[in-house]
Amino acid sequence: MRGWWREIAGLVLPVACGGCGRPRTALCPRCRTGLTGTGPRRVRPWPEPPGLPVVHAAAPYEGAVRALLLAHKERGALPLAGALGAALAGAVEAATGPCGASGGGPLLLVPVPSSRRSVRARGHDPTRRIALAAAARLRRSGRAARVLPVLRQGRAVADQAGLGARGRLANLAGALEVAPAGVRLLDEAVREAGRVVLVDDLMTTGASLAEAVRALGAAPVLVHPPFIPGLPDSPKRRGTEGLFEQPAAAVVASSPASFEINRNSRGTCNVAGGER
């Protein structure tokens, strides 16, 4: 019955695959496989910006994967968020490895924010939408996960299109900050030993992820000292740097050149001072 209804709906409201244009399907099996078929891998841009965390990507940004991301982001193909979120969830699992297994603290997916102008123009925040889909997918697989949208753009930035690696670093330097409401969320994350994973739909030069790490490290959070009888209970504020291990990062796609094909980096734990 459900299949019959989809056939009728396809005649009335025709759709096409966001990756290849195949009619009467939002995402064909071949393009879906392209998102996850090779499995997530460690990626590095060149040159690698200072402060970039360890990043895993689900697929190279080319062909059908590129078309799917653009369809979701720029053309409002919102049903694609589920498949893109599943791909991102796989990259998150590769980035956290056994350290993120259930039984520890939750996985806290922190989306790299889009500008308010971009969100208004598109009518949605694509990275946050994909992150929510990824968190739901992780929870269905038994992993404690939620989205922590604590970052925002603190100042206007130029359009990144057309800028090289140095230009993007300069454009984004000091641009992100933790929103006031996000300080409380980070404080709760510290107390429950959550694992922060920065997430984005695409990595090109890595400038956005490096700036996100800086912004998280600069955020003031409450530190609750252990209660000692006779001493005043006076929580202090300090930056999050040192309270979290080095954040991992996961993206749906990255440039083909950033994939390290010969490095077997699946299933590793990425911790501060670890593999870079």
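Presented here is a report on the structure given in the accompanying data block. (Residues numbered from 1 in each chain as written. Predicted model: local features only at pLDDT ≥ 70, side-chain atom pairs only at ≥ 80, totals over all residues. Heavy atoms only, no water.)

## As for the sheet that holds strand E7 (residues 195–203)
Threshold: A pair of strands is considered paired only if DSSP assigns at least 2 bridges between the two. Here a strand is any run of E in DSSP of at least two residues, a helix any run of H or I of at least four, and the numbering for each starts at the N terminus. The axes used here are C-alpha line fits, helices contributing only the stretch in contact, and every angle between their N-to-C directions lies in the interval 0 to 180 degrees. Any two residues whose heavy atoms approach within 4.5 Å at even a single point are treated as in contact.
Spatially, the six strands line up as an open sheet ordered E1-E2-E10-E7-E3-E4, and their pairing is mixed. Edge positions in the sheet fall to strand E1 (41–43) and strand E4 (145–147), since each of these pairs with one other strand and no more. Recorded for the sheet is a direction-independent mean angle of 35° between the axes of neighbouring strands. The strands that helix H9 (residues 207–218) touches are strand E2 (55–60), E7 and strand E10 (248–254); relative to E7, the one it contacts most, it runs at about 155°.

## Concerning the packing of helix H2 (residues 29–36) against helix H4 (residues 81–96)
Rule in force here: Angles are sorted into four bins: roughly parallel if under 35 degrees, roughly antiparallel if over 145, roughly perpendicular if 65 to 115, and oblique for all others. Take the far helix as your reference; a near helix turned counterclockwise from it by less than a right angle gives a left-handed crossing, and one turned clockwise gives a right-handed crossing. Side-chain classes follow a simple rule in which Ala, Val, Leu, Ile, Met, Phe, Trp, Tyr, Cys and Pro form the nonpolar group, Asp, Glu, Lys and Arg form the charged group, and the remainder, Gly included, forms the polar group.
The contact between H2 and H4 brings their axes to 9 Å, and the two run at 30°. Our classification of the angle between H2 and H4 gives roughly parallel. Crossing of H2 over H4 shows right-handed handedness. Taking contact as the criterion, the partners of Arg32, Leu35 and Thr36 in H2 are, on H4, Ala83, Leu84 and Ala87. Tallied by class, residues from the contact of H2 with H4 come to four nonpolar, one polar and one charged.

## As for the side chain of Asp201
Note the threshold: The classification of residues rests on relative accessible area computed with a 1.4 Å probe and restricted to protein chains. Under 20% of the type maximum is buried, over 50% is exposed, and intermediate values are partly exposed. Polar contact is the term for a pair of N or O atoms within 3.5 Å; when the atoms are in protein, one must be able to donate a hydrogen and the other to accept it, and sequence-neighboring residues count only if both atoms are side-chain atoms.
With respect to the helices and strands, the residue Asp201 is situated in strand E7. For Asp201, a relative accessible area of 5% translates into the label buried. Side-chain polar atoms of Asp201 contact the side chain of Lys73, separated by 2.9 Å. Each residue touching Asp201, except ones within four places of it in the same chain, is listed here: Leu69, Lys73, Thr127, Ile130, Val251, Val252 and Ala253.

Without other data, these values stay purely geometric and don't point to any function.
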